[in-house]
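Spelled out, the chains give:
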Amino acid sequence: MNTTLPHYNQLNFPDNVLSNFWKKVNIPKDYVKDCWLWTAALNIDGYGVFSINDGTPKRQHYRSHRFVYQSYFGKITNGLLVCHTCDIRNCVNPHHLFLGTIQQNNLDCDNKNRRSHLSGDDLPNTIISDSQVEDILEDILNNKYNSVQDICSIYDVGLITIWDILYGKTRKDISKFYDLSVLKIKLSARINNDELILIKNDFNAGFSIPQLMKKYNRSRYQINYSIYKRTVK
Ligand SMILES: [Zn+2]
């Protein structure tokens, strides 16, 4: 089976990256019904992990099932999870993957009685799993968030939860791989007056919020903030 057909490469990964990825996957005869198991490294939560070394110092890290989802169906909307119908975390069969919100996933887990497993980690009361923390830090690094509030609204957690991570008070085992001071700076990137005026003008001219988010590469929170905040004189 040719798994590197062009329409299965929505993010345009180079051929060598794809072949390197797919040789780590066991594709069964019944490739719709049965799981495609990831045979290489797993993270602490049991999801397959894959990194692309493009020669630059910063490697790109992916959870294998998210890599497959994006190859098949395109970019994942910010903050959405790729969930498994089969419940096998190292399965990357695209037929078994679907998009869900954190809330839906938690509900699904409650129904399947494995909520405590998702909360995982060493802290029994943690609301976000290790892989979600990893996601958050990686996404901050990739400029997907402009504020801590953005993260809170997506993951349904309080500000303190995120700030504790960013100040290295909790989840240090994961955050030690990141330069937290850089992440904090990225989150406090403020919109200046000039940009504020441009956004407001565009909004008044009929641009929708999603259009503005795309045009200015800002989060929904920041666009809303720009529209409703008075310009500082
Ligand atoms: Zn599966």
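Quick summary incoming for the structure in this document. (Residues numbered from 1 in each chain as written. Predicted model: local features only at pLDDT ≥ 70, side-chain atom pairs only at ≥ 80, totals over all residues.)

## What about the overall build of the protein?
- Assigned secondary structure in the protein consists of twelve helices and six strands.
- Here the protein, with 233 residues, has 23% of them falling under the buried criterion. (Helix = DSSP H or I, 4+ residues; strand = E, 2+ residues; numbered from the N terminus. Buried ≥ 20, exposed ≤ 12 C-beta atoms within 10 Å, placed from the backbone.)

## Quick notes on the packing of helix 5 (residues 130-141) against helix 9 (residues 180-187)
- Taken N-terminus to C-terminus, the directions of helix 5 and helix 9 make an angle of 65 degrees; their axes are 9 Å apart at the nearest point. By the angle class used here, helix 5 and helix 9 are roughly perpendicular. Note that helix 5 runs across helix 9; the crossing there is left-handed. Between helix 5, through Leu137, Ile140 and Leu141, and helix 9, the contact on the second element is made entirely by Leu183, Lys186 and Leu187.
- Partitioning the contact of helix 5 with helix 9 into residue classes produces five nonpolar, no polar and one charged. (Axes fitted to C-alpha atoms, helices over the stretch in contact; angles between N-to-C directions. Parallel < 35°, antiparallel > 145°, perpendicular 65-115°, else oblique. Left-handed = near helix turned anticlockwise from the far one by under 90°. Contact = placed C-beta atoms within 7 Å. Nonpolar A, V, L, I, M, F, W, Y, C, P; charged D, E, K, R; others polar.)

## So, unusual backbone geometry
- Phi angles above zero are rare outside glycine, and Asn12 is one such case at about 55 degrees.
- Among the secondary structure elements, Asn12 is positioned in the segment before helix 1 (15-22).
- Among the residues examined, Asn12 registers 9 C-beta atoms within 10 Å and is labelled exposed.

## Digging into the packing of helix 6 (residues 148-155) against helix 7 (residues 159-166)
- Axis separation between helix 6 and helix 7 bottoms out at 9 Å; the angle between their running directions is 120 degrees. Here helix 6 lies oblique to helix 7, going by the angle between them. Between helix 6 and helix 7 lies a crossing whose hand is right-handed. When helix 6 is examined against helix 7, the residues Val148, Ile151 and Cys152 are found in contact with a partner set consisting of Leu159, Ile162 and Trp163.
- Residues of the contact of helix 6 with helix 7, tallied by class, amount to six nonpolar, no polar and no charged.

## Some details on the nonpolar core
- In this structure, Phe21, Val25, Trp36, Phe50, Phe67, Val68 and Val92 are the most contacted members of the largest nonpolar core, which totals 16 residues.
- Among the secondary structure elements, those contributing two or more residues to this core are helix 1, strand 3 (49-52), helix 2 (64-73) and strand 5 (81-84).
- With three residues, helix 2 is the single largest residue contributor to this core.
- Ignoring anything within four residues of it in the chain, the contact list for Phe21 reads Phe50 and Phe67. (Core = buried A, V, L, I, M, F, W, Y, C linked by C-beta atoms within 7 Å.)

## Concerning the environment of Ile197
- With respect to the element layout, Ile197 can be found in helix 10 (residues 193-204).
- With 12 C-beta atoms packed within 10 Å, Ile197 lands in the exposed category.

## As for helix 6
- Every buried residue of helix 6 is accounted for by Val148, Asp150, Ile151, Ile154 and Tyr155. The buried side chains of helix 6 occupy one side of the element, clustering within an arc of 155 degrees when seen end-on.
- Following helix 6 by one or two positions, Asp156 adopts a phi angle in the positive range, close to 60 degrees. (Arc of directions from axis to C-beta.)

## Overview of the environment of His95
- You can see His95 is positioned in the loop between strand 5 and strand 6 (97-100).
- In sequence terms His95 and Cys35 are 60 residues apart; their C-alpha atoms lie 8.9 Å from each other.

## Here we look at the environment of Gly79
- One can find Gly79 in the loop between helix 2 and strand 5.
- Its 19 C-beta neighbours within 10 Å are what place Gly79 among the partly exposed residues.
- Spatially, the C-alpha atoms of Gly79 and Lys144 are 9.5 Å apart, while their sequence positions differ by 65 residues.

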